[in-house]
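# Structure at a glance
Okay, here's what each chain looks like letter by letter:
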Amino acid sequence: MKFAILITGAPYSSQAPQTALSFCEAARKRGDDVIRVFLYGDGVHLANALSTPPSDEANWYRRWSAWIEQEDVEAIVCVASALRRGLIDEREAGRYEKAHFNVTAPWQIAGLGELVSAGNDADRLIHFGPA
Amino acid sequence: MSTLHLLNKTPDRERARQCLAAASASEAGPHGILLLENGVFCAVNPDWRQALEDGLPLWALTPDVAARSLTARLPSGIQQIDYDAFVELTTRFDNVVSW
């Protein structure tokens, strides 16, 4: 089975990143594929490399990034959602003349077309949204 | 076409009511609902008891039930499942809809 994952709930204000990661881990354990993770709307906050929660709390950025690298999954951040929320990679920071950037590998900023093609290529698109 | 509904909202929310109404409709069935996150509170809500008695398949995600101390109060007709069974459940239905 091929899964695509859509996350629209932000870490620390919704449970979506936690639920989605547990789902993805269970899917891989079963031998299913997760072909793409797509962050949209407030879900893009998950890709903020500057997120620094207290050390005794779950670090969802770090846990997700580690899983994506370990499983070699495509992790896409919607460009339109990201830029207006201050989520920006090095290339976009150059284009908009920003001094800093906070989206790095394994996350990639791309367009909504990546969600459409993930929905086409996967057997199931599972959406994890805010409560 | 069978549809699995994923509900993560408390029973007082309009989306929860819409989910129950959609899953209770005879058209576009059969339906099932998996309660997760705050959606597990629907399992102990009186408005949801009728759906259970009518035979609508209801599941609840075990870690979310336990995190909200609802384990002892869960009606016997609602089956608790872990994440492995959650994944398996999404493969058994043609469509998966999140509310």
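These remarks concern the structure in this document. Owing to the predicted nature of the structure, the values given are computational and were not obtained by experimental measurement. (Residues numbered from 1 in each chain as written. Chains lettered and ligands numbered in written order. Predicted model: local features only at pLDDT ≥ 70, side-chain atom pairs only at ≥ 80, totals over all residues. Heavy atoms only, no water.)

Now for the packing of aromatic side chains. Inspection of every chain in the model, using the stated rule, returns seven aromatic pairs over all chains. Between W64 of chain A and W67 of chain A, the aromatic rings sit 5.7 Å apart at their centres with planes inclined by 85°, giving edge-to-face as the arrangement. Taken together, the residues W64 of chain A and W67 of chain A, both in helix α2 (residues 60–71) and three residues apart, mark about one turn of the helix. There is no split in this pair, since W64 of chain A and W67 of chain A are both buried. Among the aromatic side chains, those forming a connected cluster through ring pairs are F3, F23 and F128 of chain A together with Y83 and F86 of chain B. (Phe/Tyr/Trp six-rings, centres within 6.5 Å; stacked < 30°, edge-to-face > 60°. Helix = DSSP H or I, 4+ residues; strand = E, 2+ residues; numbered from the N terminus. Buried < 20%, exposed > 50% of the residue type's maximum accessible area, 1.4 Å probe, protein only.)

The interface of chain A with chain B comprises 20 residues on the first partner and 20 residues on the second. Between chain A and chain B the total buried area reaches about 1,600 Å² when both faces are included, carbon and sulfur atoms providing 55% of it. Across the chain A-chain B interface, the total number found is one salt bridge. Its salt-bridge partner being D84 of chain B, residue K29 of chain A comes within 3.5 Å of it at the nearest N-O pair. Listed by contribution, the elements that provide at least two residues to the side of chain A that touches chain B are α1 (16–30) and β5 (124–128) of chain A. Looking at the side of chain A that touches chain B, the element that brings in the most residues is α1 of chain A, giving eight residues. A per-class count over the side of chain A that touches chain B returns eleven nonpolar, five polar and four charged. (Contact = heavy atoms within 4.5 Å. Buried area = accessible area lost by both parts, 1.4 Å probe. Salt bridge = Lys/Arg side-chain N within 4 Å of Asp/Glu carboxyl O. Nonpolar A, V, L, I, M, F, W, Y, C, P; charged D, E, K, R; others polar.)

Further remarks concern the side chain of R124 of chain A. Residue placement: R124 of chain A occurs in strand β5. Of note is the side chain of R124 of chain A, whose polar atom sits 2.7 Å from the backbone oxygen of T90 of chain B. Among the polar contacts listed, one links the side chain of R124 of chain A to the backbone oxygen of T91 of chain B, at a separation of 3.4 Å. Sequence-distant contacts of R124 of chain A, defined by excluding residues within four places in its chain, comprise M1, K2, F3 and A4 of chain A together with T90, T91, F93, D94 and V96 of chain B. (Polar contact = N/O pair within 3.5 Å; in protein donor to acceptor, adjacent residues only side chain to side chain.)

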